[in-house]
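Spelled out from the first residue to the last, the chains are:
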Amino acid sequence: MSVPTDEPVAPDESSVIETDILIIGAGPSGLYGAYCAGFRGLSVAVMDVLPQRGGQISAMYPEKPIFDIAGFPAVRGRDLVDNLVAQAEPYGPRYLLGHRALHITHATDGRPVVHSDKGTAVRAGAVVITGGVGTFTPRQLPAGEGYLGRGQVYFVPDPVEHTDQDVVVVGGGDSAFDWAATLAPIARSVRLVHRTERFRAHRATVDKVRALGIEIITDSEVSALHGASRVERIEVRHRTTKSTQLLPAHTVVAALGFIADLGPLKDWGLELRARRIAVDTRMATNLPRVFAAGDITDYPGKVRLIAVGFGEVATAVNNAATVIDPEAALFPGHSTDKEN
């Protein structure tokens, strides 16, 4: 991932998006922040480098149950994201998905202007960064070069798309085993390939996959993908014996983990602590009109849970509201006092 070193060019005024609050990051905290802003009557835009809402949940474990959300004994990742989107939807948030936030400047009136890699500029009353662990880039499958989008994928946002397909999942972590277990009931076949006999996934998840009868091929690597317009079969090579076998494969899920990085945010002039953004009790950063919330932040006593991120983004948005309008009250009122 490369970060442009050229200075941002001032965009044509006709191409600038105006909004009260720009949220960078469409994970759970960002989506809840969109609701908080809308509840206060503020316009909001949400920018994320990923092509779908939900952040890491949608990308890595949409089918996995989450147990530490207040009020839900368990909630599937996909359902949590869908509910957060629905909660904010009445307020009409604008989503800029597939946009990487590259540069930040400030207009003459002090309002921040964020420039994306798609040439979009967003001028906001305030910015709230909820980027989780920052930009995370999937680790590539060396043999998959040229087949990305042609059968080789990193995520499985909609398992139904793989109904009656031969699927090979590559990896040994929780995501790999979760995808294998999710796809097993609907795919024609599911195999999991891992380079060692040791797995990073939790034992219970491994046991679940074994109980489903999914073939696990260890001490092996995917050495080649074959097919004309898309993947049709793969070659798997044993790391010790060097013997190979061909397996049918319509889909190859490369679940090899991710490389997390703050990306362009490192160059914004933010105060950083251990690769995270330092904030005060208002969730304000050292940059004017820029706040942050969720896992990307750091302060003494920080606890990195989704539930904590919800509280932090509510604090950030409401403090941002008083910066946008100094006459505004910090407390937004109770939702029960509002008419439905």
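Predicted model, so just to flag it, every value in this text is computed and none were measured.

Further remarks concern the nonpolar core. Core analysis: the biggest nonpolar cluster contains 58 residues, and Ile21, Leu22, Ile24, Val114, Val128, Ile129 and Trp268 have the highest contact counts within it. For this core, the element with the highest residue contribution is helix α6 (residues 306–324), accounting for 7 residues. Here isoleucine 24 is in contact with Met47, Ala101, Val114, Val127, Val128, Ile129, Thr130, Gly131 and Trp268, once residues within four sequence places are set aside. By size, the runner-up hydrophobic cluster in this structure holds 21 residues, among which are Ala143, Phe155, Val170 and Val193.

For the pair helix α4 (residues 174–183) and helix α5 (residues 203–211), interaxial distance at closest approach is 9 Å and the crossing angle is 30 degrees. Judged on the interaxial angle alone, α5 and α4 are roughly parallel. For the pair α4 and α5, the crossing hand works out as left-handed. The residues of α5 that touch α4, namely those facing Asp174, Phe177, Asp178 and Ala181, are Thr205, Val206, Lys208 and Val209. The class makeup of the residues in the contact of α4 with α5 is 4 nonpolar, 1 polar and 3 charged.

Turning to the sheet that holds strand β22 (residues 297–298), a few remarks are in order. Strands sit in the order β19-β20-β22 across an open sheet of 3 strands; the sheet is mixed. Each having just a single partner strand, β19 (272–273) and β22 make up the two edges of the open sheet. Pairing geometry for strand β20 (residues 276–278) and β22, over 2 bridges, is parallel. Looking at the pairing, isoleucine 277 lines up with threonine 297 of β22.

A rise of 1.5 Å per residue sets the reference length of helix α1 (residues 28–39), with its 12 residues, at 16 Å; its end C-alpha atoms lie 17 Å apart and thus fit the reference within 8%. Burial within α1 is extensive, with 11 of its 12 residues counted as buried. Here α1 has its buried residues at Pro28, Ser29, Gly30, Leu31, Gly33, Ala34, Tyr35, Cys36, Ala37, Gly38 and Phe39. Buried residues along α1 sit against β1 (16–24), β2 (44–48), α2 (55–60), α3 (77–88), β5 (94–97) and α6. Backbone geometry just after α1 places glycine 41 at a positive phi near 85 degrees.

Okay, the pairing of strand β8 (residues 121–129) next. Every other side chain in a regular strand lies on the same face of the sheet, so the side chains alternate between the two faces. Of all 9 residues in β8, 9 are buried; the element is thus mostly enclosed. The pairing of β1 with β8 spans 8 bridges and is classified as parallel. Across the sheet, the residue bridging to isoleucine 21 is alanine 126, located in β8. The loop that links strand β7 (residues 112–116) with its antiparallel partner β8 comprises 4 residues; one of these, glycine 119, has a positive phi angle of about 85 degrees. Taken together, the 3 bridges between β8 and strand β21 (residues 290–292) define a ladder with parallel strand orientation. Looking across to β21, one finds that valine 128 is bridged to phenylalanine 291.

Here the focus is the environment of alanine 292. Relative to the helices and strands, alanine 292 is located in strand β21. A C-alpha to C-alpha distance of 9.3 Å links alanine 292 and arginine 282, two positions 10 residues apart in sequence. Setting aside residues up to four positions removed in sequence, alanine 292 forms contacts with Ile129, Ile277, Val279, Met283, Thr285, Thr297 and Ala316.

Right, let's get into the pattern of salt bridges. Scanning all chains against the criterion turns up 15 salt bridges. Overlapping salt bridges bring together Glu18, Arg111 and Arg123 as one network.

In this structure, methionine 283 takes a positive phi of about 70 degrees despite not being glycine. The residue methionine 283 is located in the loop between β20 and β21 in this model.

In this section: the confidence of the model for the protein. For the protein, per-residue confidence averages 91 on the pLDDT scale, and residues scoring 70 or more make up 94% of the total. A low-confidence stretch, residues 1–10 (pLDDT under 50), is modelled with 15 contacts involving residues beyond four sequence positions or located in other chains.

So, about the packing of aromatic side chains. The final tally for this structure, using the stated rule, is 5 aromatic pairs. Ring geometry for phenylalanine 177 and phenylalanine 199: centres 5.0 Å apart, planes at 75 degrees, overall edge-to-face. Here phenylalanine 199 lies in the loop between β12 (189–193) and α5 and phenylalanine 177 lies in helix α4, a separation of 22 residues in the sequence. The class of phenylalanine 177 is buried, set by a relative accessible area of 0%. Taken together through their ring pairs, the aromatic side chains of Tyr32, Tyr35, Phe39, Tyr91 and Phe310 make up a single cluster. Sitting above the plane of the tyrosine 95 ring, arginine 53 keeps its charged end 4.6 Å from the centroid. One residue, arginine 150, lies across the ring of tyrosine 147, its end atom 4.6 Å from the ring centre.

Reading the values: rules and limits
In this numbering scheme, every chain counts its residues from 1 along its sequence in written order. Whole-chain, interface and lining totals are the exception, using all residues; otherwise, since this is a predicted model, local features are given only for residues with pLDDT of at least 70 and side-chain atom pairs are given and counted only at 80 or more. Note that the side-chain values use all heavy atoms of the structure and ignore hydrogens as well as water. As used in this record, nonpolar core signifies buried Ala, Val, Leu, Ile, Met, Phe, Trp, Tyr and Cys residues forming a set joined through side-chain atoms within 4.5 Å. Think of it in three bands: residues with accessible area under 20% of the maximum for their type are buried, residues over 50% are exposed, and the middle band is partly exposed, with areas taken using a 1.4 Å probe on protein chains only. Here a helix means four or more residues in a row that DSSP labels H or I, a strand means two or more in a row labelled E, and each is numbered from the N terminus. Contacts are residue-level and defined by heavy atoms, with any inter-residue pair within 4.5 Å sufficient. Angles shown run from 0 to 180 degrees and are taken between the N-to-C directions of axes, each axis being a line fitted to C-alpha atoms and, for helices, limited to the stretch in contact. In what follows, roughly perpendicular refers to angles from 65 to 115 degrees, roughly parallel to angles under 35, roughly antiparallel to angles over 145, and oblique to any angle outside these ranges. In this scheme the crossing of two helices becomes right-handed for a clockwise turn of the near helix relative to the far one and left-handed for an anticlockwise turn of less than a right angle. The nonpolar class holds Ala, Val, Leu, Ile, Met, Phe, Trp, Tyr, Cys and Pro. Asp, Glu, Lys and Arg form the charged class, and all remaining residues, Gly among them, are polar. When DSSP finds at least two bridges between two strands, those strands are taken to pair. Helix span, expected: 1.5 Å multiplied by one less than the number of residues in the helix. In the sections that follow, a salt bridge refers to a side-chain nitrogen of Lys or Arg positioned within 4 Å of a carboxyl oxygen of Asp or Glu. Across the chain, each position has a pLDDT score giving the predictor's confidence in that residue, from 0 to 100. For Phe, Tyr and Trp, rings pair up if their centres lie within 6.5 Å, where Trp contributes its six-membered ring, and each pair is then called stacked (planes under 30 degrees apart), edge-to-face (over 60) or tilted (otherwise). Cation placement over rings: the criterion is NZ of Lys or CZ of Arg within 6 Å of the ring centroid and within 35° of the ring normal.

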